[in-house]
Amino acid sequence: MIPFVDLKAQYTGIQDEINAAIQGVLETCQFTLGSEVAAFEEEFAAYCQAQYGIGVNTGTSALHLALLAAGIGPQDEVITVPFTFVATVAAIDYTGAKAVFVDIDPQTFTIDAKAIESAITDRTKAIVPVHLYGQPADMDPILEVARRHGLVVIEDAAQAHGAEYKGRRVGTLGDMGCFSFYPGKNLGACGEGGMVVTNNTEYTRAIRMLRDWGAEQKYRHVLKGYNYRMEGIQGAVLRVKLRHLETWTEARRAAARYYNELLSDSGVPTPEVMPYVRHVYHIYAVRTRRRNEWQQALLAKGIQTGIHYPIPVHLLPAHADLSYARGDFPHSEQAAEEVLSLPMFAELSRAQCKAVCEAVKMLASQSGTEPEENHDTHAFVQKQLAN
């Protein structure tokens with residue numbers, strides 16, 4: 001079996017370091033926030049080229065608190081994309097604001113910067129570009145539009161630890177950047193975790209209070225806040241893993257290059273990387289109209305794959321209240337029908353890459369020239385929900 005992600009292989013390589021870090025927290029009993037979290041905040045902020053880092057319990061909480069710190073609330077609108085994990089939109093909803101969608105660029109799967117301005121209304125307060133799969137969105141035109149309209153830019157960098165845009169790390173390109181440390185992420189905790197990075201002292205102060213019941217100091221509650229604190233064990237684990245992140249990132253990039261090389265003559269669409277970015281390949285997604293068929297065939301050969309994401313958010317029943325319909329965002333809808341995520345993790349061997357690509361090329365050759373199909377998105381969504 002070639003796994004989609006192999007967390008056990010990662011742990012095996014750094015087992016002694018992880019065990020010692022956890023043992024240290026058990027001995028100090030600093031289980032919530034504490035010195036390990038504070039040290040990780042400082043170290044990860046420096047890694048992101050930011051002045052401040054605020055550790056929280058999840059990436060979703062990071063987005064939620066960043067939006068609140070920016071003053072987002074009921075009656076406001078926040079522009080983002082429908083082709084993302086649902087948490088991006090859920091965090092907007094938590095504030096009482098409304099998510100307003102813009103379609104993706106079909107090459108990069110990130111927000112189409114040219115389409116943002118037409119979505120702006122007098123209620124628009126922020127833009128949340130998503131650095132999907134580990135490739136940064138095209139930030140310069142996004143920031144230019146935001147400056148002209150007085151909008152806050154909050155980067156959803158949950159999949160983009162260490163990614164770069166024109167030589168700068170994501171997270172500090174906008175006003176705030178939000179990261180997830182879910183276990184399967186490029187930098188993953190042994191549980192849940194998240195962080196907001198920023199260079200803004202006011203946002204930092206607000207988020208530090210909001211994550212801890214709105215308290216400026218113990219029992220002095222200045223704001224109506226939340227229990228979103230990062231655990232001490234996660235801070236300790238993430239400090240260990242951060243020391244290995246660059247090595248792991250380069251291993252991912254090497255695996256992606258090898259995939260590209262092996263699939264270059266297959267006719268299979270592989271990730272398109274913009275020349276001005278450093279892609280960190282949280283996900284390596286190919287495209288095929290026979291995605292579900294391919295996924296089943298690869299699994300039969302012992303190759304696990306993923307789908308990120310099978311239903312765009314505007315077609316999910318949970319967000320039907322946004323009043324969008326199929327056909328509103330054709331690039332997002334087509335991507336949702338076609339993307340297939342191949343195994344990707346730092347320990348992925350060349351032999352495993354080769355086995356994956358041989359299987360993919362065999363499927364592509366059997367498919368021949370894929371016929372033009374009538375993409376019935378409604379039927380597709382119903383099938384996904386049934387599964």
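Look up a bit, the structure's there.
Computed from a predicted model, the values in this text were never measured in an experiment. (Residues numbered from 1 in each chain as written. Predicted model: local features only at pLDDT ≥ 70, side-chain atom pairs only at ≥ 80, totals over all residues. Heavy atoms only, no water.)

1. Quick word on the packing of helix α10 (residues 291-300) against helix α12 (residues 350-367)
The contact between α10 and α12 brings their axes to 10 Å, and the two run at 135°. Considering the angle they form, α10 stands oblique to α12. The handedness of the crossing between α10 and α12 is right-handed. Between α10, through Trp294, Ala297 and Leu298, and α12, the contact on the second element is made entirely by Ala359, Val360, Leu363, Ala364 and Ser367. (Axes fitted to C-alpha atoms, helices over the stretch in contact; angles between N-to-C directions. Helix = DSSP H or I, 4+ residues; strand = E, 2+ residues; numbered from the N terminus. Parallel < 35°, antiparallel > 145°, perpendicular 65-115°, else oblique. Left-handed = near helix turned anticlockwise from the far one by under 90°. Contact = heavy atoms within 4.5 Å.)

2. Concerning the nonpolar core
Judged by nonpolar contacts, the single largest core of 58 residues is most densely connected at Phe40, Phe44, Ile79, Phe83 and Phe181. Every element with two or more residues in this core is listed here: α3 (35-47), α6 (139-149), β9 (194-198), α8 (232-242) and α11 (330-338). Counting 34 residues, the second largest nonpolar core, distinct from the first, contains Leu65, Val89, Ile311 and Phe329. (Core = buried A, V, L, I, M, F, W, Y, C linked by side-chain atoms within 4.5 Å. Buried < 20%, exposed > 50% of the residue type's maximum accessible area, 1.4 Å probe, protein only.)

3. Things to note about the environment of serine 118
Mapped onto the secondary structure, serine 118 falls in the loop between β3 (98-101) and β4 (124-127). Owing to a relative accessible area of 69%, serine 118 belongs among the exposed residues under this scheme. Spatially, the C-alpha atoms of serine 118 and proline 74 are 22 Å apart, while their sequence positions differ by 44 residues.

4. As for the packing of aromatic side chains
Tallied over the full model, the rule gives 16 aromatic pairs. Judged by centre distance (5.3 Å) and plane angle (70°), the ring pair of phenylalanine 40 and phenylalanine 181 falls under edge-to-face. Taken together, the positions of phenylalanine 40 in helix α3 and phenylalanine 181 in the loop between β8 (176-180) and β9 put the pair 141 residues apart, joining distant regions of the chain. Note on accessibility: phenylalanine 40 and phenylalanine 181 belong to one class, buried. With centroids separated by 5.2 Å and ring planes inclined at 35°, the aromatic side chains of phenylalanine 101 and tyrosine 324 adopt a geometry described as tilted. Placement of phenylalanine 101 in strand β3 and of tyrosine 324 in the loop between α10 and α11 is noted, with a sequence separation of 223 residues between them. Looking at phenylalanine 101, the relative accessible area reads 4%, which means it is buried. Linked through ring pairs, Phe40, Phe44, Tyr47, Phe179 and Phe181 together constitute an aromatic cluster. The aromatic ring of tyrosine 276 is capped on one face by lysine 166, whose charged end is 5.7 Å from the ring centroid. Over the ring of tyrosine 258 we find arginine 350, and its NZ or CZ is 3.7 Å from the ring centre. (Phe/Tyr/Trp six-rings, centres within 6.5 Å; stacked < 30°, edge-to-face > 60°. Lys NZ or Arg CZ within 6 Å of the ring centre and 35° of its normal.)

5. Brief notes about the pairing of strand β1 (residues 52-56)
Within β1, four of the five residues are buried, which leaves it mostly tucked inside the rest of the structure. Pairing analysis gives five bridges linking β1 to β9, with the strands arranged antiparallel. Bridging from a neighbouring strand, tyrosine 52 pairs with threonine 198 of β9. (Pairing = 2+ DSSP bridges.)

6. A short note on the pairing of β8
Among the five residues of β8, five are classified as buried, and the element is accordingly described as predominantly covered. Neither face of β8 is exposed, since Met176, Cys178 and Ser180 on one face and Gly177 and Phe179 on the opposite face are all buried.

7. Some points on the side chain of glutamate 338
Relative to the elements of secondary structure, glutamate 338 occurs in helix α11. In terms of polar contacts, glutamate 338 uses its side chain to reach the side chain of arginine 287, at 3.2 Å. (Polar contact = N/O pair within 3.5 Å; in protein donor to acceptor, adjacent residues only side chain to side chain.)

8. Focus on the sheet that holds strand β2 (residues 77-80)
Overall, mixed pairing links the seven strands, which are arranged β1-β9-β8-β5-β4-β2-β3 in an open sheet. In this open sheet, the two strands that pair with only one neighbour each are β1 and β3. Averaged over neighbouring strand pairs, the angle between their axes works out to 25° when direction is ignored. In the sheet, β2 pairs with β4 via three bridges, with the strands oriented parallel. Paired with glutamate 77 across the strands is threonine 124, a residue of β4. Running at roughly 150° to strand β5 (residues 152-156), α6 makes contact with β4 and β5 of the sheet.

9. A short note on the environment of glycine 184
Relative to the assigned elements, glycine 184 resides in the loop between β8 and β9. You can call glycine 184 buried: its relative accessible area is 18%. Each C-alpha atom of the pair glycine 184 and tyrosine 165 lies 23 Å from the other, and the pair is 19 residues apart in sequence. Once residues lying within four places of it in the same chain are set aside, the contact partners of glycine 184 are Leu7, Arg252 and His282.

10. Focus on the side chain of histidine 279
Relative to the helices and strands, histidine 279 resides in the loop between β12 (277-278) and β13 (284-287). When its relative accessible area of 3% is taken as the criterion, histidine 279 is described as buried. Within the structure, histidine 279 has its side chain in polar contact with the backbone nitrogen of tyrosine 281 (distance 2.9 Å).

11. Some words on the sheet that holds strand β7 (residues 168-169)
Reading across the sheet, the three strands line up as β7-β6-β12 and stay open at both edges, with antiparallel pairing between neighbours. Edge positions in the open sheet fall to β7 and β12, since each of these has one partner strand only. Relative to β7, strand β6 (residues 164-165) is paired through two bridges, and the arrangement is antiparallel. Within β7, the position partnered with tyrosine 165 by the bridge is arginine 168.

So yeah, pure geometry; function would need other evidence.
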